[in-house]
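Coordinates in review
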Amino acid sequence: MLCAVCLLPSAVRKCYFGRFFLPRDGTFGILFLSHFTLAAETPMPTTLTSLPSWTALKSHADNVRGQHMRDLFAADGKRGERMTLEAAGIFLDYSKNRVTDETVKLLLDLATACDLKGKIGAMFSGQKINKTENRAVLHTALRAPKGAVVTVDGENVVPAVHETLDRMSAFCDKVRSGAWLGYTGLRIKTIVNVGIGGSDLGPVMAYEALRNSATRVIQFKFVSNIDGTDFAEATHGLDPAETLFIISSKTFTTLETMTNANTARDWVLSKLTDPGAIAKHFVAVSTNAAAVSKFGIDTANMFGFWDWVGGRYSMDSAIGLSTMLAVGPDGFREMLAGFHEMDENFRTAPFEQNLPVLMGLLSVWYIDFFGAETVAILPYDQYLKRFPAYLQQLTMESNGKRVTLDGAEVDYATGAIYWGEPGTNGQHSFYQLIHQGTRLIPCDFIGFLKTLNPLGAHHDILMANLFAQSEALAFGKTAEAVKAEGHPDWLVPHRTFPGNRPSNTILLEKLDAKAVGKLVALYEHIVFTQGAIWNIGSFDQWGVELGKVLAQKILPELQAKDESGLHHDSSTNALIRRYRASRG
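Cut-offs used in this document
Residues numbered from 1 in each chain as written. Predicted model: local features only at pLDDT ≥ 70, side-chain atom pairs only at ≥ 80, totals over all residues. Heavy atoms only, no water. UniProt positions renumbered as here; feature names shortened; annotations may be inferred. Pairing = 2+ DSSP bridges. Helix = DSSP H or I, 4+ residues; strand = E, 2+ residues; numbered from the N terminus. Contact = heavy atoms within 4.5 Å. Axes fitted to C-alpha atoms, helices over the stretch in contact; angles between N-to-C directions. Buried < 20%, exposed > 50% of the residue type's maximum accessible area, 1.4 Å probe, protein only.

The name an unreviewed UniProt entry assigns to the chain is Glucose-6-phosphate isomerase, from the organism Limnoglobus roseus. The record in UniProt for the chain states the following under Catalytic activity (unreviewed entry): "alpha-D-glucose 6-phosphate = beta-D-fructose 6-phosphate". On record in UniProt, under Subcellular location (unreviewed entry), the comment for the chain is "Cytoplasm".

What follows is the structure in structure tokens.
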């Protein structure tokens, strides 16, 4: 007997139309009714690529792909003024993108179809949107003003955030003023931050970005790599009696961090000898009081943060202790104010006036409809030299995912590769590929109207290059223009620039603490927007686990004298044996 709907025999146990198991002895009427009843109760899941707004964008992309920005600007004399957005002290010119007004409308439709507004609200309200770890995602609470209410599991977390900030401030005032003395009574002259991942990249980036306003009385060093060279070079020439270490590890068990921490402990005791000296030369950013105390650190100098703060989103938590020591409590709070301004734009602004939403949607446009695999971050300020490296972790650890929140494998591209260098250095390095290579690389140019170091015409030249590069990428140089310059025909192809290379230009007044907060929050929320569209988990990072687990297994094998007991693949076994042999 056949099913009236899918025409499968009733003996077939699973009907893919109704998505339920059929009884072997079911009657025609029961089968027919079951199909329509159960199909209504369990509708087929809607995937991203089946959304009408996605389909419309795909069709639209086929039309836009053949248009050149030269023609778009020629057809709209006000395009460069109209396709701009200003919010939270950031000016965005997105006119040099391969988009039309229709493109923007369709992207906003996609955001609505993916319930981006609802997902933003879920994050800010403390819902546990990090599903695989059953955690809230509330780095935004770290910069919420005193008096705000942000609830997690029925508790307002803002008072605890400000209590930690106040404790950090009191500690930093002591160290910066010289009231905090080392074990021998000498003033602290060097701070060494020991961490890895988010416990290093954020503090390093922030220190370099804010070096102009940082104290020059204390020098700052950063140790992250397990390679002993990192520690050796960071501490070269330092006096343990004048050095303070910040050990940043939430669990106080991270292999790289604790290996470096124990090496630092031995280094301090090699001169000061008394284990009691540890309490005057080490503080901790951690939540593991027992391990911190066992190490020798006074838990009164332990600064914690919460499981709803992901590592790569933690630079404005206690992980930023080195930043506060560098720029002072007031400077740190200015940075938090900048974060909060951008948070509010993301949380409240209509999408067409929402900087992170618009930039996030534009990146989805190129990644999913133009096949772009990378995004170049090009800050035209030397102080932001570590900003692209910081964004690498923020973007790729967040959205480097191949399954949706429901565990289904995606059938579209997700996280792009983010990379870059400050201008104008990059112009003499990789810009050649962006201008004349075969790959489409969207670019974000970041510049400041005022320099912190006014030296002659330096800043004018710097900004002239920023504006020139975005213009050259957009409009290129035609073969006709090259010929008109008198170049021989054989040389013309080599000197022709195709143009039509998209870019955003981001301008701020000056690079101060508030600007750093705004920029970081901008890209945090761009990442959120991308992840919301792709329906992926942007706040876990299981991909970093496997290699670390295997390393723990291999480590004793490298140190073992017994040649037996290797059960890896033939390549890994051979590499281990070769390393053993080199150690004699």
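Having seen it, we continue.
Time to look at the sheet that holds strand E11 (residues 302-303). Judged by pairing direction, the sheet is parallel, and its 5 strands sit side by side in the order E8-E7-E9-E10-E11 without closing on themselves. Both outer strands of the open sheet, strand E8 (219-223) and E11, are each paired with one neighbouring strand and no more. As defined by bridge partners, strand E10 (residues 282-285) adjoins E11 across 2 bridges and the pair is classed as parallel. Directly across from Ala284, in E11, lies its bridge partner Met302. Of the strands in this sheet, strand E7 (190-194), E8, strand E9 (243-248) and E10 are in contact with helix H10 (residues 255-272), which crosses E9 at around 160°.

This part is about the sheet that holds strand E13 (residues 417-419). Pairing between sheet strands relies on hydrogen bonds along the backbone, with the strands arranged either parallel or antiparallel. What the 6 strands build is an open sheet, ordered E3-E4-E15-E14-E12-E13; its pairing is mixed. With partners counted over all chains shown, the strands left at the sheet margins are strand E3 (84-87) and E13, one partner each. Direction aside, the axes of adjacent strands within the sheet are offset by 15° on average. Alignment of strand E4 (residues 90-93) against strand E15 (residues 503-508), held across 3 bridges, turns out to be antiparallel. Along E15, the bridge assignment pairs Leu92 with Ile506. Along the sheet, helix H14 (residues 355-369) contacts E3, E4, E13, strand E14 (443-448) and E15; its crossing angle with E4, the most-contacted strand, is approximately 30°.

As annotated in UniProt, the feature "active site" (unreviewed entry) corresponds to Glu397, His428 and Lys548 in the numbering used here. What stands out for the annotated residues spanning 152 residues is how far apart their C-alpha atoms range, the widest pair being 36.9 Å apart. On the secondary structure map, His428 appears in the loop between E13 and helix H16 (431-436). The class of His428 is exposed, set by a relative accessible area of 72%. Relative to the helices and strands, Lys548 is located in helix H21 (residues 545-559). Overall, Lys548 belongs to the partly exposed group, its relative accessible area being 40%.

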